[in-house]
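Here is what each chain is made of, one letter per residue.
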Amino acid sequence: GLVQAVVYSYGLRTLLAVALYAISFWHWPLLTSLQFSLEPGFWLFGLDSHLYDRYGVFIAQAWAQGIELPNPELGIEYFALVAVIYRLLGANPLYPILLNCWLGAFTGLLAFRIGRRLFSPRAARWGALLVTFWPSSLLWSAQLLKDALSWVLVFSALWLVLRLAFDLRPTHRMGWVGWALQWVGLVMTVTLLTRLRFYLGSALSLAAVLILLPRGCLLLMRRLRGAALRMGGVALVVVTCTVVARTLDPLTWLSPRHPE
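Residues numbered from 1 in each chain as written. Predicted model: local features only at pLDDT ≥ 70, side-chain atom pairs only at ≥ 80, totals over all residues. Heavy atoms only, no water.

Caption draft 1: Quick peek at the overall build of the protein chain. When helices and strands are counted, the protein chain shows eleven helices and zero strands. Going residue by residue from the N terminus, the α and β elements of the protein chain occur as α-α-α-α-α-α-α-α-α-α-α. Along the three orthogonal principal directions, the C-alpha set of the protein chain runs to about 65 × 50 × 30 Å. When burial is assessed residue by residue, the protein chain has 43% of its 260 residues classed as buried. (Helix = DSSP H or I, 4+ residues; strand = E, 2+ residues; numbered from the N terminus. Buried < 20%, exposed > 50% of the residue type's maximum accessible area, 1.4 Å probe, protein only.)

See below:
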């Protein structure tokens, strides 16, 4: 049932995305006041979409020609993702939009796993359905915006925090390699989330400090040192990644080493 709901959500998001793009691209007489006339295919309520599209084309062309990358001054992470898609599939805004649709639908699965870990299977199903079919979620994932990617990173970070902070030990099925990969995943998720939206990484760090550290101190007082160290370690990783992410310079990493 849950997988079916996610598939239906992806189909609904895709239909909405294609319909909205077609209406604006051909300037059909629907919601004309909201259509972005300067860039066909985009909308005024998602005004950043045409910037992601334009700089995605510029960055993809710069990679192909080996020249210096343009600096969008808004953080290059999502621009670079769009550019990668354009390099692989061609410069069509619907390609990254369809990826957003999938990411928006996928958050339902993450919401279910978080809800089942914290509450009950019934509450998890209802929570997943709300996340999967939330009206504003359907709309924003149908645009060329970074919201859907931000949602997936938030839900992924929360799930990894629950797994690493509260599960007692690696299961036999997962093994120590899977356990280590979850720590790596937490580092990458929090770092990219902070790079995309600094306030989300900051909120996650604040929550880790206010929730995990006091809980860890309480466990330490009960002489549960392993659980206390695990919670303190998760909080330390989240806070450190948030701070370090502000010092990174992805534009330099993604630029050609010797631009013409």
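Caption draft 2: Looking closely at the pattern of salt bridges. If you walk through the whole model with that rule in mind, you get three salt bridges. A salt bridge links Arg-54 to Glu-39; its shortest N-O distance comes to 2.7 Å. Here Arg-54 is found in helix H2 (residues 49-65), whereas its partner Glu-39 is found in the loop between helix H1 (2-25) and H2, with 15 residues between them in sequence. Note that Arg-197 and Asp-147 form a salt bridge whose closest N and O atoms lie 3.3 Å from each other. Taken together, the positions of Arg-197 in the loop between helix H8 (175-196) and helix H9 (198-221) and Asp-147 in helix H7 (residues 147-166) put the pair 50 residues apart, joining distant regions of the chain. Using a relative accessible area of 17% as the deciding quantity, one classes Arg-197 as buried. Overall, Asp-147 belongs to the buried group, its relative accessible area being 18%. (Salt bridge = Lys/Arg side-chain N within 4 Å of Asp/Glu carboxyl O.)

Caption draft 3: View of a nonpolar patch on the surface. There is a patch of nonpolar side chains on the surface, built from Val-3, Val-7, Tyr-8, Leu-12, Trp-126, Leu-129 and Phe-133 and spanning about 700 Å² of accessible area. Taken together, the elements giving at least two residues each to the nonpolar patch come down to H1 and helix H5 (121-133). It is H1 that contributes the most residues to the nonpolar patch, four residues altogether. Looking at the secondary structure, you find Trp-126 in helix H5. (Patch = residues over 30% accessible without salt bridge, like charges linked within 9 Å, V, L, I, M, F, W, Y side chains within 5 Å. Areas by Shrake-Rupley, 256 points an atom, 1.4 Å probe, with all protein chains shown as cover.)

Caption draft 4: Summary view of the environment of Gly-90. Along the chain, Gly-90 turns up in the loop between helix H3 (77-89) and helix H4 (94-118). Residues Gly-90 and Val-57 lie 33 residues apart in sequence; the distance between their C-alpha atoms is 9.2 Å. Sequence-distant contacts of Gly-90, defined by excluding residues within four places in its chain, comprise Ile-85 and Tyr-95. (Contact = heavy atoms within 4.5 Å.)

Caption draft 5: Broad picture of H7. In this model H7 runs 28 Å from its N-terminal to its C-terminal C-alpha over 20 residues, within 8% of the 28 Å that 1.5 Å per residue would give. Buried residues dominate H7, accounting for 15 of its 20 residues. (Expected span 1.5 Å × (residues − 1).)

Caption draft 6: Structural view of unusual backbone geometry. Backbone geometry at Leu-31 places phi at a positive 50°, although glycine is not the residue there. Among the secondary structure elements, Leu-31 is positioned in the loop between H1 and H2. Phi is positive for Arg-223, which is not a glycine, with a value near 65°. Assignment of secondary structure puts Arg-223 in the loop between H9 and helix H10 (225-245).

Caption draft 7: Up close: the environment of Val-243. Within the secondary structure layout, Val-243 lies in helix H10. What makes Val-243 exposed here is its relative accessible area of 52%. Measuring from C-alpha to C-alpha, the distance between Val-243 and Thr-194 comes to 8.7 Å, with 49 residues separating the pair along the chain.

Caption draft 8: Here's a closer look at the side chain of Arg-197. A polar atom in the side chain of Arg-197 sits 3.2 Å from the side chain of Ser-150. The contacts of Arg-197, once residues within four sequence positions are left out, are Lys-146, Asp-147 and Ser-150. (Polar contact = N/O pair within 3.5 Å; in protein donor to acceptor, adjacent residues only side chain to side chain.)

Caption draft 9: Up close: the nonpolar core. Counting 53 residues, the largest nonpolar core has Leu-144, Leu-186, Val-234 and Val-238 as its most contacted members. Take this core: its biggest share by element is nine residues, from H7. (Core = buried A, V, L, I, M, F, W, Y, C linked by side-chain atoms within 4.5 Å.)

Caption draft 10: The arrangement of H1 in detail. In a regular helix each residue adds 1.5 Å, so 24 residues correspond to 34 Å; H1 covers 34 Å between its end C-alpha atoms and thus fits that length. Among the residues making up H1, those that are buried are Ala-5, Val-6, Ser-9, Arg-13, Thr-14, Ala-17, Leu-20, Tyr-21, Ala-22, Ile-23 and Ser-24. Packing partners of the buried residues in H1 comprise H4, H5, helix H6 (135-141) and H7. At the exit of H1 stands His-27, carrying a positive phi of roughly 55°.

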